[in-house]
Amino acid sequence: MGNLYGVIGCPIKHSMSPDIHNDAFKEKHLNGYYHAFHVEPERLKESVQALKILGVKGFNVTIPHKISIIPYLDELDETAKIAGAVNTVINVEGRLIGHNTDGNGYVRSLTKILQKPIQEQKILIIGAGGAARGIYFTLAHQGCSEIDLCNRTVSKAEKLINECPFGHTSKALSLEQAEQQLENYDVIIHTTAVGMHPNVEQKPLSVKHAKRTAVVSDIVYNPIKTSLLQEAEEQGLTIHNGVGMFVHQAALAFTLWTGIEPSIERMTAIVYDKLGGTSC
Ligand code: ATR
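Residues numbered from 1 in each chain as written. Predicted model: local features only at pLDDT ≥ 70, side-chain atom pairs only at ≥ 80, totals over all residues. Heavy atoms only, no water.

Trainee: Would you mind going over the overall build of the chain in detail, with residue names and values included?
Mentor: Regarding its fold elements, the chain presents 10 helices and 12 strands. Against the 2.2 N^0.38 benchmark of 19 Å for 280 residues, the chain shows a C-alpha radius of gyration of 19 Å, consistent with a compact globule. With the C-alpha coordinates aligned to their principal axes, the bounding extent of the chain is approximately 60 × 40 × 35 Å. Summed over all atoms, the accessible surface of the chain reaches about 13300 Å², with 50% contributed by carbon and sulfur. Averaged over its 26 positive side-chain charges, the chain has a centre that lies 2 Å from the centre of its 29 negative ones. (Helix = DSSP H or I, 4+ residues; strand = E, 2+ residues; numbered from the N terminus. Rg over C-alpha atoms; globule rule 2.2 N^0.38 Å. Areas by Shrake-Rupley, 256 points an atom, 1.4 Å probe, with all protein chains shown as cover. Lys, Arg positive; Asp, Glu negative; His and termini not counted. Charge placed at Lys NZ, Arg CZ, Asp CG, Glu CD.)

Trainee: I'd like a rundown of the pairing of strand 10 (residues 187–190), residues and numbers included.
Mentor: Side chains of strand 10 alternate between two faces, with Val187 and Ile189 and Ile188 and His190 buried alike. Pairing between strand 7 (residues 123–126) and strand 10: 4 bridges, direction parallel. Paired with Ile125 across the two strands is Ile189, which belongs to strand 10. One ladder, built from 4 bridges, connects strand 10 with strand 11 (residues 215–218); its direction is parallel. By the bridge assignment, Val187 is partnered in strand 11 with Val215. (Buried < 20%, exposed > 50% of the residue type's maximum accessible area, 1.4 Å probe, protein only. Pairing = 2+ DSSP bridges.)

Trainee: So what's going on with the pattern of salt bridges? Which residues, and what values?
Mentor: When the charged atoms of two side chains with opposite charge come close together, those side chains can pair. Here the structure, examined in full by the defined rule, presents 13 salt bridges. The residue Asp186 makes a salt bridge to Lys211 at a minimum N-O spacing of 2.8 Å. One end of the pair, Asp186, is in the loop between helix 7 (175–180) and strand 10; the other, Lys211, is in the loop between strand 10 and strand 11, with 25 residues separating them in the sequence. By relative accessible area, Lys211 is classed as partly exposed at 27%. (Salt bridge = Lys/Arg side-chain N within 4 Å of Asp/Glu carboxyl O.)

Trainee: So what's going on with the sheet that holds strand 10? Which residues, and what values?
Mentor: Strand order in this open sheet of 6 strands is 9-8-7-10-11-12, and the pairing throughout is parallel. Sheet topology places strand 9 (172–173) and strand 12 (238–240) at the edges, where each strand pairs with a single neighbour. Of the strands in this sheet, strand 10, strand 11 and strand 12 touch helix 8 (residues 227–234), which is tilted by about 165° from strand 11. (Contact = heavy atoms within 4.5 Å. Axes fitted to C-alpha atoms, helices over the stretch in contact; angles between N-to-C directions.)

Trainee: So what's going on with the environment of Glu183? Residues and values would help.
Mentor: One can find Glu183 in the loop between helix 7 and strand 10. Spatially, the C-alpha atom of Glu183 lies 40 Å from that of Asp19, the residues being 164 residues apart in sequence. Glu183 has contacts with His209, Ala210 and Lys211, leaving out every residue within four places of it along the chain.

Trainee: Any details on the nonpolar core? Residues and values, ideally.
Mentor: Ile123, Ile125, Tyr136, Leu139, Ile147 and Ile189 are the most contacted members of the largest nonpolar core, which has 27 residues in total. Elements with a minimum of two residues in this core: helix 4 (102–111), strand 7, helix 5 (130–141), strand 8 (147–150), helix 6 (154–163) and strand 10. Here this core gets 6 residues from one element, more than from any other, and that element is helix 5. (Core = buried A, V, L, I, M, F, W, Y, C linked by side-chain atoms within 4.5 Å.)

Trainee: Please set out the pairing of strand 3 (residues 58–61) residue by residue, giving values where relevant.
Mentor: Alternating residues of strand 3 divide into Gly58 and Asn60 and Phe59 and Val61, and every residue in both groups is buried. Summarising the sheet, strand 1 (residues 3–9) and strand 3 pair through 4 bridges and their orientation is parallel. Within strand 3, the position partnered with Gly6 by the bridge is Phe59. Bridge count for strand 3 against strand 5 (residues 88–92) is 3 bridges, and the pairing is antiparallel. The partner of Gly58 across the bridge, within strand 5, is Ile90.

Trainee: Break down the domain arrangement of the chain for me, with residues and values.
Mentor: The accessible area lost on association of the parts is a frequent measure of interface size. Segmenting the chain into domains produces domain 1 (3–100 + 244–275) and domain 2 (104–241). Taking only C-alpha atoms into account, the centre of domain 1 sits 26 Å from that of domain 2. Across the boundary between the two partners, domain 1 contributes 13 residues, which contact 17 residues of domain 2. Each partner contributes to the roughly 1400 Å² buried at the junction of domain 1 and domain 2, and carbon and sulfur atoms together form 70% of this total. Three residues stand out in domain 1 for area buried against domain 2, namely Ile82, Met245 and His248, and they jointly supply 41% of the buried area on that side. There are 0 salt bridges connecting domain 1 and domain 2. Linking domain 1 with domain 2 are 2 residue pairs in polar contact (both at pLDDT 80 or more). Secondary-structure elements contributing two or more residues to the side of domain 1 that touches domain 2 are helix 3 (78–83), helix 9 (243–258) and helix 10 (264–275). (Domains from an automatic or database assignment. Buried area = accessible area lost by both parts, 1.4 Å probe. Polar contact = N/O pair within 3.5 Å; in protein donor to acceptor, adjacent residues only side chain to side chain.)

Dropping the structure here:
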């Protein structure tokens, strides 16, 4: 009998996770199957209990359940505690353990395209929500000491800086201040949903003042090239889109469940195929 895995979210029907995980099970000759479960917020508790009772070996957790699932789990590992959110659950002999592979997945993907170690880069994070929190805390935990945050609501960036358990040298800026001071940063990371389909014309700020060697990264992957990345590319800057984060968080989850590393290249190719674009 095979092992069942899955993802819970709402909405979930456009999730690409079943495509990449089921291909990885096939490629690695593992008897596993991954299914997307639509779970409404008010049915979360009983859905998690059902997955546990039915012996589902592991599952991903996506919007809007990443924080609200925490009370229904038996334990959190360090990554979930750092992020204050869960995107991956492992069922260990009937105990549900929450992990978070988003932050490490993002950093793994970003570091592949950097010329210098991430710890030597001056970083600007745009946004102060849940995604910013995961990335900011992971970078700080990995020894990045020069990270500033900018956000539409500056007080939220200040709050996140104060909550970071790994150093407090970061500055909080408004989007306008950050736009004017962009030449200070080696890596600019956009963590909000601004520019995501269908609002593809929007961008959080202009990168026209960025330094020529800067890397501009956007966690959005639909569209593959957001308005922000288009502007960065026109300026000759290096760009990094959200496909890498999506694929690497999935690969880390797959390894947590099976102990086996899937092919990043295959996962990436499947995602680009589904999104109808080419890699950048
Ligand atoms: P997520 O978990 O996806 O990060 P979130 O926690 O709701 O979502 O955070 C949303 C982030 O997007 C916030 O930084 C928010 O800015 P505010 O703190 O000022 O609300 C940012 N955001 C959302 N819409 C925005 C917009 N139109 N322009 C700029 N920033 C926006």
